[in-house]
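Each chain, written out:
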Amino acid sequence: KDNVDFAIIRAGYGNNHVDAQLANNIKGCEKNGIPFGFYWFSYAETIEEARKEAQYLLKAIKGHTPLYPLFYDFEYDSMNYAKRQGTTISKEYLRKMAAAFCEELENAGYYAGIYANKDYALNMYGNDIFKTYDLWYAHWGVTSPGRSVHLWQDSDSGHVPGITGKVDTNKAFIDFPELIKSKGLNGYKVNTF
C-alpha cells in the first residue's frame, strides 16, 4: 500500500475469460485504498468481437468504480492468434476494432483508452486514434516516454515491496481520479451543488 499509488488490473482476455485473480486484485486495492483501472487483453478478430470484449469487461467489473481508465490491449500476440485462426488484421481494421471497444465503454459512461508499446503505437495505430482515445504507453528502459502521454508504463521488471517477483511499473502524468470524478465517469456522479 505505501509503495503503490494506483494499479491497472487485468480484468480478462478474449471471449469472456475473466482473470482468475480479478476478484482478489480488486479486493486488495479496495481494502488498501489503492485507486485502480482495468484492461482487457483482446483476441478479437472482428469489430463485433471487440465490442463484445468491452461488454465482457463491463460485466466483469460490475459493482466497482475505478478511478483510472479502462484499456483495450491488442498486441502482436493477438495478431498472431488471429493469423492462426486464418484472419489477418490490417492496421486500419485494428484501429476500427480499438475504436469499437472504446466506444462501447464510453457509451456506458467509462473513460476508455488503448494500451500500446512504442512499436505498436507507431507502426500499427499511428497518431490519429490517440487524438480521440488516451494512450497507455509502454516504453521501457528509458528515462522519459519520449512523447506526450498521460500514462506511461516505464518498466516490465520493476520491484515493489510486498510483491514477489518483477512487476510492470507505471507513471501517471495527470490526476485521473480527479478527472474521472469531475466528469462523472466510471460510475461516479457529478456533484451538482
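Bear in mind that the values here come from a model prediction, so they are computed numbers and not experimental data. (Residues numbered from 1 in each chain as written. Predicted model: local features only at pLDDT ≥ 70, side-chain atom pairs only at ≥ 80, totals over all residues. Heavy atoms only, no water.)

Participant: Tell me about the pairing of strand β7 (residues 151–158), and please be specific about residues and values.
Facilitator: When you tally the buried positions in β7, you get 6 out of 8 residues, the bulk of the element. Across 3 bridges, strand β6 (residues 134–138) lies against β7 in parallel orientation. Paired with Y137 across the bridge in β7 is W152. The sheet contact formed by β7 and strand β8 (residues 167–172) spans 5 bridges and is antiparallel. (Buried < 20%, exposed > 50% of the residue type's maximum accessible area, 1.4 Å probe, protein only. Helix = DSSP H or I, 4+ residues; strand = E, 2+ residues; numbered from the N terminus. Pairing = 2+ DSSP bridges.)

Participant: Give me the lowdown on unusual backbone geometry, citing residues and values where you can.
Facilitator: Phi at N16 takes a positive value of approximately 65°, unusual for a residue other than glycine. Along the chain, N16 turns up in the loop between β1 (7–13) and β2 (17–18). Look at N16 and you get partly exposed, because its relative accessible area is 33%. One non-glycine residue, N186, adopts positive backbone phi at about 60°.

Participant: Got a sec to walk through the sheet that holds β8? Specific residues and values, please.
Facilitator: Hydrogen bonds along the backbone pair up the strands of a sheet, which may run parallel or antiparallel. Strand order in this open sheet of 8 strands is β2-β1-β3-β4-β5-β6-β7-β8, and the pairing throughout is mixed. The open sheet has two edge strands with one neighbour each: β2 and β8. Inspection of the sheet shows β1 paired to β2 by 2 bridges, in the antiparallel sense. By the bridge assignment, G12 is partnered in β2 with V18. Together, β1, β2, β3 (36–41) and β4 (70–73) form the strand contacts of helix α2 (residues 47–60), whose direction differs from that of β3 by roughly 145°. (Contact = heavy atoms within 4.5 Å. Axes fitted to C-alpha atoms, helices over the stretch in contact; angles between N-to-C directions.)

Participant: Before we move on, could you go through the nonpolar core and cite the residues and values that matter?
Facilitator: In terms of nonpolar packing, the biggest core is built from 44 residues, with F38, L57, Y72, F74, L94, L105 and Y125 touching the most fellow members. With 7 residues, the single largest contributor to this core is helix α4 (residues 91–107). Discounting residues that sit within four places of it in the chain, F74 has contacts with S42, A44, M79, I89, L94, M97, Y120 and Y125. With 15 residues, the next largest nonpolar core counts I8, Y39, Y111 and I180 among its residues. (Core = buried A, V, L, I, M, F, W, Y, C linked by side-chain atoms within 4.5 Å.)

Participant: Can you break down the packing of aromatic side chains residue by residue, with the values?
Facilitator: In total, this model carries 17 aromatic pairs according to the counting rule given. With 5.4 Å between their ring centres and 75° between their planes, F36 and F38 make a pair best called edge-to-face. A relative accessible area of 0% means that F38 is categorised as buried. Pairing Y111 with F176 gives two aromatic rings, centres 5.7 Å apart and planes at 85°, and the pair type is edge-to-face. You can see Y111 sitting in the loop between α4 and β5 (112–117) and its partner F176 sitting in helix α6 (residues 176–183), a full 65 residues away along the chain. A network of ring pairs unites the aromatic residues F6, Y68, Y111 and F176 as a single cluster. The ring of Y137 has R147 sitting right over it, with the charged end atom 5.3 Å from the ring centre. (Phe/Tyr/Trp six-rings, centres within 6.5 Å; stacked < 30°, edge-to-face > 60°. Lys NZ or Arg CZ within 6 Å of the ring centre and 35° of its normal.)

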